[in-house]
Amino acid sequence: MKKHNFSAGPCILPEEVLQRASEAVINFNDDNLSLIEISHRSKPFVDVIEKARALALELLGLENKGYEALFLHGGASTQFLMTAYNLLNKKAAYLNTGTWSSKAIKEASLFGELIEVASSKDKNFNYIPKNFDIPNDVDYFHCTSNNTIYGTQMKSFPETSAPLICDMSSDIFSRQLDFSKFDLIYAGAQKNMGPAGATLVVVKKDILGKVERSIPSMLNYQIHIEKDSMFNTPSVFAVYVSMLTLQWLKDLGGISFIEKVNEKKSTLLYSEIDRNPLFKGVVSKEDRSHMNATFTLENDSLAKKFDTLWQEANINGLHGHRSVGGYRASMYNALPLYSVQALVDVMQELERQA
Ligand SMILES: *Cc1c(COP(=O)(O)O)cnc(C)c1O
């Protein structure tokens, strides 16, 4: 039986997507060739990447609004510097809500002056700072919508006249937002979309072309747009699986449908964390992530018993990130509600036995 997979990333993908992906590796489109041994410029693959790019814009509600969707290499970590390379002339503003924001700040500071408008580092990033000011004269404002490691999530985004850039690696396609408020969104595929190796970038074209420096081709959004995301060989497998996952999501009913499922899952788990006297949440309640729920035991002496129970219940990937400890249950789009129920059952079993 397939495990209940709470892994933070790479993470669970829909079963039917894995099935189709495995078939395509052997025989793609019934053409007696593997997906990963045909030219990326052949029509069958060009159709795949075009469809993936179109589905991304369609699901986000950004068709015909001046945006382009790109599938690039290098993970979200390359976007930390690529955003700055393409958009930072003098000054940019950053909100620091965790490890990934901090890394984005470190990379971008190579390119100009950075203003950290607020940080939650004082409390090990267990909340989202609010009521901060963004200066008017910055080239852009950057934030991280969901903090995968700490389990916090931005529920609203600041109004600013500066272009809004967001690392949505761990909650893209999980909840409905007005995505047209964002000028650039990026996400490594491996959290809610596909295998590692592809990075989705959705960029509003009119923010580009405003920096003075010359940009190496591989790091230049405009070149990737001109070349239809095929400047060099794309990660064909990761793009294909991402396309299948986006199609799966569309067939289910899109983001508005999956958002309801995700709310059910996170409500089920957080209610148990709050109810069960053996457990406690790690982050402030109003900032809790619907994707990554972090929690600890009230009494660490029960850790061994709890670990045995969830492992026996066929649960995978529950240990917290090494910088936080405790537990983290990642409930990405493809995780079924019954997997969350299996975890809640184990938490209640621990209560009975303790
Ligand atoms: C995982 C993650 C990253 C890093 O992604 P890579 O693709 O491994 O570079 C960046 N930001 C967030 C929010 C993440 O969850």
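Please read all numbers here as calculations on a predicted model, not as lab measurements.

*Asks:* Could you give an account of the sheet that holds strand β11 (residues 279-281), naming the residues involved and the relevant values?
*Replies:* Here we have 3 strands laid out as an open sheet, ordered β11-β12-β14, and antiparallel in their pairing. Two strands lie at the open edges of the sheet, namely β11 and β14 (327-330), each paired on one side alone. Averaged over all adjacent pairs, the angle separating strand axes in this sheet is 35 degrees, with direction ignored. Of the strands in this sheet, β11, β12 (292-297) and β14 are in contact with helix α8 (residues 303-312), which crosses β14 at around 25 degrees.

*Asks:* Tell me about the site of the ligand, and please be specific about residues and values.
*Replies:* Every one of the 13 residues lining the ligand counts as a neighbour, but Ser-77, Thr-148, Asp-167, Gln-190 and Lys-191 are closest to it. Side-chain polar atom of Asp-167 to a nitrogen atom of the ligand: 2.6 Å apart, as the coordinates give it. One of the side-chain nitrogen or oxygen atoms of Gln-190 is found 3.0 Å away from an oxygen atom of the ligand. Considering the ligand on its own, with 380 Å² of exposed area, one finds that the protein chains cover 87% of that surface. The element that contributes the greatest number of residues to the shell around the ligand is helix α3 (residues 75-87), accounting for 4 residues. Taken together, the residues of the shell around the ligand sort by class into 3 nonpolar, 8 polar and 2 charged.

*Asks:* Any chance you could break down the environment of Gly-112 for me, citing the residues and the numbers?
*Replies:* Inspection of the secondary structure puts Gly-112 in the loop between α4 (99-108) and β4 (113-119). Its relative accessible area of 26% is what places Gly-112 among the partly exposed residues. Distance in space between the C-alpha atoms of Gly-112 and Glu-263 is 39 Å, their sequence separation being 151 residues. Setting aside its immediate chain neighbours within four residues, Gly-112 contacts Leu-88 and Lys-90.

*Asks:* Summarise the nonpolar core; cite the residues concerned and give the values.
*Replies:* Ranked by size, the top nonpolar core spans 88 residues in total, and within it Phe-173, Leu-269 and Phe-306 carry the most contacts. Here the element with the most residues in this core is helix α6 (residues 236-252); it accounts for 10 residues. Apart from the residues within four sequence positions on either side, Leu-269 is in contact with Ala-293, Ala-329, Met-331, Val-340, Leu-343, Val-344 and Met-347.

*Asks:* An account of the side chain of Arg-175 is needed here, citing residue identities and associated values.
*Replies:* Inspection of the secondary structure puts Arg-175 in the loop between β8 (164-167) and β9 (184-188). Looking at Arg-175, its side chain comes within polar contact range of the side chain of Asp-171, at 2.9 Å. Contact partners of Arg-175, with chain neighbours within four places excluded, come to Ser-145, Gln-153, Met-154, Lys-155, Phe-157, Ile-255 and Glu-259.

*Asks:* Lay out the pairing of β9 with the relevant residues and their values.
*Replies:* Most of β9 is tucked away: 5 of the 5 residues are buried. Residue alternation in β9 divides its side chains into two sets, Leu-184, Tyr-186 and Gly-188 and Ile-185 and Ala-187, and both sets are buried. Two elements, β8 and β9, share 3 bridges in a ladder whose sense is parallel. Each residue of the ladder has a partner; that of Ile-165, found in β9, is Leu-184. Here β9 runs beside strand β10 (residues 199-204); their pairing, made up of 5 bridges, is antiparallel. Within β10, the residue paired with Ala-187 across the bridge is Leu-200.

*Asks:* Break down helix α1 (residues 15-26) for me, with residues and values.
*Replies:* In this model, α1 (12 residues) spans 17 Å end to end at C-alpha, consistent with the 16 Å of a helix rising 1.5 Å per residue. Contact partners of the buried residues in α1: α6.

*Asks:* Explain the packing of aromatic side chains residue by residue, including any values.
*Replies:* Scanning the entire structure with this criterion turns up 11 aromatic pairs. When the ring of Phe-80 is compared with that of Tyr-186, the centres are 6.2 Å apart and the planes differ by 65 degrees; the resulting orientation is edge-to-face. Placement of Phe-80 in helix α3 and of Tyr-186 in strand β9 is noted, with a sequence separation of 106 residues between them. For the pair shown, Phe-80 and Tyr-186 are each scored as buried. Centroid distance Tyr-94 to Tyr-140: 5.8 Å. Interplanar angle 65 degrees. Geometry classified as edge-to-face. Of this pair, Tyr-94 sits in strand β3 (residues 91-96) while Tyr-140 is found in the loop between β4 and β5 (141-144), placing the two residues 46 residues apart along the sequence. Of the aromatic side chains, those joined through ring pairs into one cluster are Phe-279, Phe-295, Phe-306 and Tyr-327. Across from the ring centre of Tyr-127, 5.7 Å away, lies the NZ or CZ of Lys-123, which sits over that ring.

*Asks:* Mind laying out the domain arrangement of the protein, listing which residues take part and the relevant values?
*Replies:* Each domain of the protein was delimited in the assignment, giving domain 1 (15-252) and domain 2 (254-353). Centre-to-centre, using C-alpha coordinates, domain 1 lies 27 Å away from domain 2. Listed by partner, the interface residues are 28 residues for domain 1 and 26 residues for domain 2. Of the roughly 2300 Å² buried where domain 1 meets domain 2, counting both sides, 53% is carbon and sulfur surface. Put simply, domain 1 and domain 2 have 2 salt bridges between them. Joining domain 1 to domain 2, the criterion identifies 17 residue pairs in polar contact (both at pLDDT 80 or more).

Rules and cut-offs
Residues numbered from 1 in each chain as written. Predicted model: local features only at pLDDT ≥ 70, side-chain atom pairs only at ≥ 80, totals over all residues. Heavy atoms only, no water. Pairing = 2+ DSSP bridges. Helix = DSSP H or I, 4+ residues; strand = E, 2+ residues; numbered from the N terminus. Axes fitted to C-alpha atoms, helices over the stretch in contact; angles between N-to-C directions. Contact = heavy atoms within 4.5 Å. Near = heavy atom within 4 Å. Polar contact = N/O pair within 3.5 Å; in protein donor to acceptor, adjacent residues only side chain to side chain. Areas by Shrake-Rupley, 256 points an atom, 1.4 Å probe, with all protein chains shown as cover. Nonpolar A, V, L, I, M, F, W, Y, C, P; charged D, E, K, R; others polar. Buried < 20%, exposed > 50% of the residue type's maximum accessible area, 1.4 Å probe, protein only. Core = buried A, V, L, I, M, F, W, Y, C linked by side-chain atoms within 4.5 Å. Expected span 1.5 Å × (residues − 1). Phe/Tyr/Trp six-rings, centres within 6.5 Å; stacked < 30°, edge-to-face > 60°. Lys NZ or Arg CZ within 6 Å of the ring centre and 35° of its normal. Domains from an automatic or database assignment. Buried area = accessible area lost by both parts, 1.4 Å probe. Salt bridge = Lys/Arg side-chain N within 4 Å of Asp/Glu carboxyl O.

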